[in-house]
Amino acid sequence: MRSVFDPEAIVPDVPGVLLLSHGGFAVGCLETIKMLAGDVPNLAAFSLEEGMEPSEFIDAAMMALEAFPVGSIVLLDLLGGTPYNQTLLYVRAHGSKVYSLAGFNVPMVMQALELRDDYRGRELVDNLFNLNNNGIYNVSE
């Protein structure tokens, strides 16, 4: 598993944004965000690698989520994929409340980091969804 998470660097009043994906996408997205915005507090990424036990992946990711302040969110790479399914199983098994969206990209993550100044939890996810449900553009036109 590739991951980026530093529990010692958590800022208590800033909602966390947790990126979960297949392959290196989540960690790669976090690295891109760092190139664009510098070090960003309470941003973590966990990338599920081939051959890895899904339970090991989700246990590490949810430990990070639980370390973040209340109102933190999870952004998943793909609806119905293993990170998505494992998050749902974790929520059901632990009775947790997790606010999340599937289908993240770099612009969405950047918006999440900006919106968390004003929103948390469900409101953060709702506002992020409203801004991104038409986030694909035909640049050739």
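For the structure itself, consult the block above.
Just so we're clear, the structure is a prediction, and the values are computed from it rather than from any experiment. (Residues numbered from 1 in each chain as written. Predicted model: local features only at pLDDT ≥ 70, side-chain atom pairs only at ≥ 80, totals over all residues. Heavy atoms only, no water.)

Considering the overall build of the protein chain
Then, in step 1: Of the regular secondary structure elements, the protein chain holds five helices and five strands.
Then, in step 2: In terms of overall dimensions, the protein chain is globule-like: its C-alpha atoms have a radius of gyration of 14 Å, near the 14 Å expected for 141 residues.
Then, in step 3: Put simply, the protein chain has 141 residues, and 40% of those count as buried.
Then, in step 4: In the protein chain, 77% of the contacts between residues at least 6 apart in sequence involve partners at least 24 apart.
Then, in step 5: Per element, the accessible surface of the protein chain, about 7800 Å² overall, is 51% carbon and sulfur.
Then, in step 6: Taking the average place of the 7 positive charges on the side chains of the protein chain and the average place of its 18 negative ones, the gap between the two points comes to 6 Å. (Helix = DSSP H or I, 4+ residues; strand = E, 2+ residues; numbered from the N terminus. Rg over C-alpha atoms; globule rule 2.2 N^0.38 Å. Buried < 20%, exposed > 50% of the residue type's maximum accessible area, 1.4 Å probe, protein only. Contact = heavy atoms within 4.5 Å. Areas by Shrake-Rupley, 256 points an atom, 1.4 Å probe, with all protein chains shown as cover. Lys, Arg positive; Asp, Glu negative; His and termini not counted. Charge placed at Lys NZ, Arg CZ, Asp CG, Glu CD.)

Some words on helix α3 (residues 82-94)
Then, in step 1: Here α3 spans 18 Å end to end across 13 residues, near enough to the 18 Å set by a 1.5 Å rise per residue.
Then, in step 2: Those residues of α3 that fall on the buried side of the exposure criterion are Pro83, Gln86, Thr87 and Tyr90. For α3, the arc enclosing every buried residue in end-on projection is 105 degrees, short of the 170-degree limit, so these residues lie on one face.
Then, in step 3: In the core, the buried residues of α3 are packed alongside β2 (17-22), β3 (43-48), α2 (54-67) and β4 (73-76).
Then, in step 4: Positive phi appears at Gly95, one or two residues downstream of α3, with a value of about 65 degrees. (Expected span 1.5 Å × (residues − 1). Arc of directions from axis to C-beta.)

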